[in-house]
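What the coordinates show
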2 protein chains.
Amino acid sequence: MTTNTRVLIRNLPKEKLAVTDYEVTEAPVPAPGNGEVLCQTLAIGVGAGARAGLQGSASYAGAPQTGIVMNAQTVSRVVESRAPGFVAGDLVICGSGWQAYASHPEKTLTKVPAIEDPAHYVGALGTNGLTAYFGLLRCGEPKAGETVVVSAAAGSVGHLVGQIAKLKGCRVVGVCGSDEKGARLVADLGFDATVNYKDGDFRAALKAACPDGIDVYFDNTGGDVLGAVLFRMNTFGRIACCGVVSQYDTSNPAGGPRGVPGLLVNKRIRMQGFLVFDYVADYANARETMLGWIRTGALRAEQDEYQGLAQAPAAFVDLLAGGNFGTRIVRVAR
Amino acid sequence: MTTNTRVLIRNLPKEKLAVTDYEVTEAPVPAPGNGEVLCQTLAIGVGAGARAGLQGSASYAGAPQTGIVMNAQTVSRVVESRAPGFVAGDLVICGSGWQAYASHPEKTLTKVPAIEDPAHYVGALGTNGLTAYFGLLRCGEPKAGETVVVSAAAGSVGHLVGQIAKLKGCRVVGVCGSDEKGARLVADLGFDATVNYKDGDFRAALKAACPDGIDVYFDNTGGDVLGAVLFRMNTFGRIACCGVVSQYDTSNPAGGPRGVPGLLVNKRIRMQGFLVFDYVADYANARETMLGWIRTGALRAEQDEYQGLAQAPAAFVDLLAGGNFGTRIVRVAR
């Protein structure tokens, strides 16, 4: 434990992100200051939302820059504590990013109980899972018997959204980019149907998969999928706007969907943008509920792993190309 | 009382509506059937939303057709009743449309108390006023000290939205299409500022008029105004989607605004479409509240009148061109 492997942002991508936009470097392990805690990264959560943070305009994550460690949520083990609330061995959720070690002020750490696999804390029990949980339940407000559609359905958030909606008694239709993923969502995760948005006949397939219309749409993508779903929404439908992954991997996002605001009026549709951070006061309860579901087998928290920090750029680029099924994590240490 | 003057739809307009799309005809006064009530029209409310009903695609108002009396909300006086709940002389709100007399099944009538000017029942106490009231308070949820922007601010709905927002302690900025209207909104109705959307510098003027951003937007227009407002919305802002007047007077509505859904996510904005009919259970209470405000002078219910049924087409065409200040009504009888 003398060197700290770090993955830095070398270039801010103009169009498609590439592995060469990152570089792997070595640095000394940072010594914790007074009130700080040195944490060893166990696993990194890789999410599409981080791509927005590399775009030219400032998002909620702040303006992008080069030469810094790539930002990410991590689950880490405390190695050395100079803060009263933590001791070596504690498990914490933190934002170490793509590096093996980081020192953090104690107030930025969330101590969590030891569980079977700590990597769940950057998946179903981390930002991805909480996003699925709060976005669906608080913004989507699904009721038993309703039809719920989720885009990027095989993704870290989407595969959990669909399963939570099933637990609430809904019919669940997933939109994803490959027939193979769609088949897995139905066979392994209990989705009622899936639609491949790359099909030329996507709109007709969506209609066929949703014979009673759509009551709740959990939108991870924006773009054409949102446009198509809008025309199938039922009266008093709810759209939880979670992300715009169709527009992340570019520096020139497209215009908005037809149907806004005309269809919103005619069908009394509610579109609600949200960020998971707004629900921080309820995180602990949500984690407890989700962990219960995982342990009973009611929820399958799919992990799609890469091994080692040097693979983090490839894990991210592949994710943006739609290569993942479930939560993309980079396993760094055990 | 032997002939019934009626204004029929002659043509469904392809682009701009014209006076010649209507024709004035005479017919016998309809005799009320059993359970029906013969009503004499006192005043007609003319609203931009009716233009949507003439478009090729079916809206919430149903598919358009020619040869029928133009649809409109009216306030009428009962002439003859063959229903137990009504007697001659009762004042009712009904949907007689552009004609002097109509027989209605009793269950389609809303009996209302006599007031100073019955025409308020197709204005501040009719669909227009209720739309302003419920859209602002239930979808916009304004809080004292917040900035509320309303488009078509000098219109039948908009001029009431702004005044109700002032009564709730908000800073109110109106968007309208003429400097003269803007000046009247400030001088006569207490708006804090107005912006003319026809100004080349509209976006800059909107920004200057809303130095603290926008918390609530009551959208009567959609289109470019919505697009501009979206970029000035504050975190956790609410957009009440009431209408799309920018897109009514055409058969080829434009696409949606940039910023949907990306800005909705980043700023956690809620867009909520609504129709006033969804709040029918609360109409009586709302009317009572609004009438109280009118009687104390807290609310100025502006009426912009045309006289006689033959003027109804001109009143509507002029309204669509932005000629009205306040509620456009056609006064038919006293």
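The structure presented is a predicted model; accordingly, all values stated were derived computationally and were not measured. (Residues numbered from 1 in each chain as written. Chains lettered and ligands numbered in written order. Predicted model: local features only at pLDDT ≥ 70, side-chain atom pairs only at ≥ 80, totals over all residues.)

**Quick word on the relation of the copies chain B and chain A**
Applicable threshold: The superposition of copies rests on a least-squares fit of C-alpha positions from residues with pLDDT of 70 or more in both. For every residue pair, C-beta atoms are placed from the backbone, and the pair is scored as a contact if these atoms sit within 7 Å.
Taken as rigid bodies, chain B and chain A are interconverted by a rotation of 180 degrees and an axial shift of 0.0 Å, the fit giving an RMSD of 0.0 Å. Such values leave the two copies arranged in the relation of a two-fold axis. Counting the interface residues of chain B, we find that 100% of their copies in chain A are interface residues as well, pointing to one common contact surface.

**Re the nonpolar core**
In plain terms, the rule: Each nonpolar core consists of buried Ala, Val, Leu, Ile, Met, Phe, Trp, Tyr and Cys residues. Their C-beta atoms, within 7 Å, join them into a set. Every C-beta atom is placed from the backbone, and the number of other C-beta atoms within 10 Å of a residue's own sets its class: buried at 20 or more, exposed at 12 or fewer, partly exposed in between.
Counting 209 residues, the largest nonpolar core has I44(A), V330(A), I44(B) and V330(B) as its most contacted members. In contact with V330(B), not counting residues within four places along its chain, are A43(B), I44(B), V46(B), Y306(B), L309(B), Q311(B), A312(B) and A315(B).

**Details of the confidence of the model for chain A**
Just so we agree on the cut-off: Confidence of the prediction at every residue is given by pLDDT, a number between 0 and 100.
Averaged over all residues, the pLDDT of chain A equals 93, while 95% of them reach at least 70. Per the prediction output, this complex has pTM 0.89; the corresponding ipTM is 0.86.

**A short note on helix α9 (residues 312–320) of chain A**
Under the convention used in this document: A run of H or I in DSSP counts as a helix once it spans at least four residues, and a run of E counts as a strand once it spans at least two, with each numbered from the N terminus.
Residues of α9(A) that are buried: A312(A), P313(A), A315(A), F316(A), V317(A) and L319(A). For α9(A), the elements touching its buried residues are β1 (3–9), β2 (22–28), β3 (36–46), β14 (303–307) and β15 (327–331) of chain A.

**Let's talk about the interface of chain B and chain A**
Accessible area lost upon the coming together of the parts serves often as the stated size of an interface. So the rule is basically this: Only Asp, Glu, Lys and Arg are considered charged, only Ala, Val, Leu, Ile, Met, Phe, Trp, Tyr, Cys and Pro nonpolar, and every remaining residue, Gly among them, polar. For two strands to pair, DSSP has to find at least two bridges joining them.
Chain B puts 32 residues into the contact, and the matching count from chain A is 32 residues. Secondary-structure elements contributing two or more residues to the side of chain B that touches chain A are α7 (262–267) and β13 (270–273) of chain B. Counting residues per element, the side of chain B that touches chain A draws most heavily on α7(B), which supplies five residues. Residue composition of the side of chain B that touches chain A, by class: 15 nonpolar, eleven polar and six charged. Across three bridges, strand β13 (residues 270–273) of chain A lies against β13(B) in antiparallel orientation. Each bridged residue has a counterpart across the sheet, and for Q272(A) the counterpart in β13(B) is R270(B).

**Structural notes on the environment of H159(B)**
Residue and element names in this part refer to chain B. With respect to the helices and strands, H159 occurs in helix α3 (residues 158–167). C-alpha of H159 to C-alpha of L275: the two residues are 116 residues apart in sequence and 18 Å apart in space. In this structure, H159 is in contact with A153, A154, L185, L189, E302 and G326, ignoring residues within four places of it in sequence.

**Quick word on the pairing of strand β12 (residues 233–241) of chain B**
Look at any regular strand and the pattern is simple: side chains alternate between the two faces of the sheet. Residue and element names in this part refer to chain B. Two strands pair when backbone bridges link them, and strand β11 (residues 214–219) and β12 are joined in this way by five bridges, in the parallel orientation. Bridging across to β12, F218 finds its partner in A240. Looking at chain direction, β12 and β13 are connected through four bridges and run parallel. Of the residues in β13, the one forming a bridge with C241 is G273.

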